[in-house]
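Descriptive analysis of the structure
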Amino acid sequence: ATAAVREANNAANFIRAIDQKTGIKVEVLSGIEEARLIGLAASHGCGTKGVTTLNIDIGGGSTEVSIFRDGQPITLLSMKLGAVGLTERFLTSDPPRSKEVNELRSEIHSALERPARELQEFEWDNVTGTSGTILAIGSALRLQAAGDQMVRPAQTVIRLRDLSAFNNTLASMTVAERRDAARLSVRQIGRAHV
């Protein structure tokens, strides 16, 4: 289990209930162990021998950043910055008010100050992203660029200027509009794998 269970007030009860009902023993991973496992998978699935890769994984309750080279971790970071948690804390209006969006951005900026300083001492050749959040963003951006053509989520390049523009677009949408955009991306991903 990851951030959702790590942060839950009833984590022990939840874990006990799963064990009692299914016999499955749940292990709650620390944020650093989560970063290590995700980074290891990304380095094996997306990495190239001799190449240093920074991986970003944006989950619902946390974001993990890792740097790996040849399957070995160089640094591992975990931050309490998750898409669901931040949305629930900051975006209470539908569509969000600009004050809410500004407060959300300020929170993210503040939370990233220390990790950004730590990452400055390292170098990397590639940046990869894992998680449904990043795949959905990549697919939505490819969908915008490709029109109605099929979209493959893997190997999508996300450029900072495109991500910035997309963030601004999402910030002005209602929850239903954002959900529709995500559904469209998911349908497009499904068609690409057929």
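For the structure itself, look to the data block above.
Bear in mind the structure is a predicted one, so any value in this text is a computation, not a measurement.

Here we take up the overall build of the protein. Along the protein, the regular secondary structure elements total eight helices and four strands. Listing every helix and strand of the protein by position from the N terminus yields α-α-α-β-β-β-α-α-β-α-α-α. By residue count, 31% of the 194 residues in the protein fall in the buried class. Contacts spanning at least 24 positions in sequence make up 57% of the contacts within the protein whose residues lie at least 6 apart.

Moving on, we get to the pattern of salt bridges. Counted according to the given criterion, the structure contains ten salt bridges. For Arg 69, the salt bridge is made with Asp 125, and the minimal N-O distance between the two is 4.0 Å. With Arg 69 in strand E2 (residues 63–69) and Asp 125 in the loop between helix H5 (98–119) and strand E4 (126–130), the pair connects residues that are 56 residues apart, well separated along the chain. Using a relative accessible area of 51% as the deciding quantity, one classes Asp 125 as exposed.

What follows deals with the nonpolar core. Of all hydrophobic cores here, the largest spans 13 residues; its most connected members are Leu 54, Val 65, Leu 86, Phe 90, Leu 91, Leu 104 and Leu 119. Looking at this core, the elements with two or more residues in it are E2, strand E3 (72–79), helix H4 (83–90) and H5. The leading source of residues in this core is H5, at three residues. Among all residues touching Leu 119, those that are not within four sequence positions of it are Leu 54, Val 65, Ile 67, Thr 75, Leu 77 and Trp 124.

The subject of this paragraph is the packing of H4 against H5. Running from N to C, H4 and H5 point in directions that differ by 135°, and their axes come no closer than 10 Å. Judged by the inter-axis angle, H4 sits oblique to H5. Like other packed secondary-structure pairs, H4 and H5 cross with a definite hand, here right-handed. Here Leu 86, Arg 89 and Phe 90 of H4 come into contact with H5, specifically with Glu 100, Glu 103, Leu 104, Glu 107 and Ile 108. Its residues assigned to classes, the contact of H4 with H5 shows four nonpolar, no polar and four charged.

Moving on to the layout of surface pockets. Approximately 230 Å³ is the volume attributed to the second largest pocket. If you go around the second largest pocket, you meet 13 residues; those closest to its centre are Glu 7, Gly 60, Gly 61, Gly 85 and Leu 86. When contributions to the lining of the second largest pocket are tallied by element, the ones reaching two or more residues are helix H1 (3–7) and H4. Take the lining of the second largest pocket: its biggest share by element is five residues, from H4. In the lining of the second largest pocket, the residues fall into five nonpolar, four polar and four charged.

Rules behind the numbers
- Residues numbered from 1 in each chain as written.
- Predicted model: local features only at pLDDT ≥ 70, side-chain atom pairs only at ≥ 80, totals over all residues.
- Heavy atoms only, no water.
- Helix = DSSP H or I, 4+ residues; strand = E, 2+ residues; numbered from the N terminus.
- Buried < 20%, exposed > 50% of the residue type's maximum accessible area, 1.4 Å probe, protein only.
- Contact = heavy atoms within 4.5 Å.
- Salt bridge = Lys/Arg side-chain N within 4 Å of Asp/Glu carboxyl O.
- Core = buried A, V, L, I, M, F, W, Y, C linked by side-chain atoms within 4.5 Å.
- Axes fitted to C-alpha atoms, helices over the stretch in contact; angles between N-to-C directions.
- Parallel < 35°, antiparallel > 145°, perpendicular 65-115°, else oblique.
- Left-handed = near helix turned anticlockwise from the far one by under 90°.
- Nonpolar A, V, L, I, M, F, W, Y, C, P; charged D, E, K, R; others polar.
- 1 Å grid on protein atoms, 1.4 Å probe; cavity = no way out; pocket = protein on both sides within 12 Å on 5 of 7 lines; lining within 4 Å.
- Points joined across faces, edges and corners; volume = space filled by probe spheres on them.

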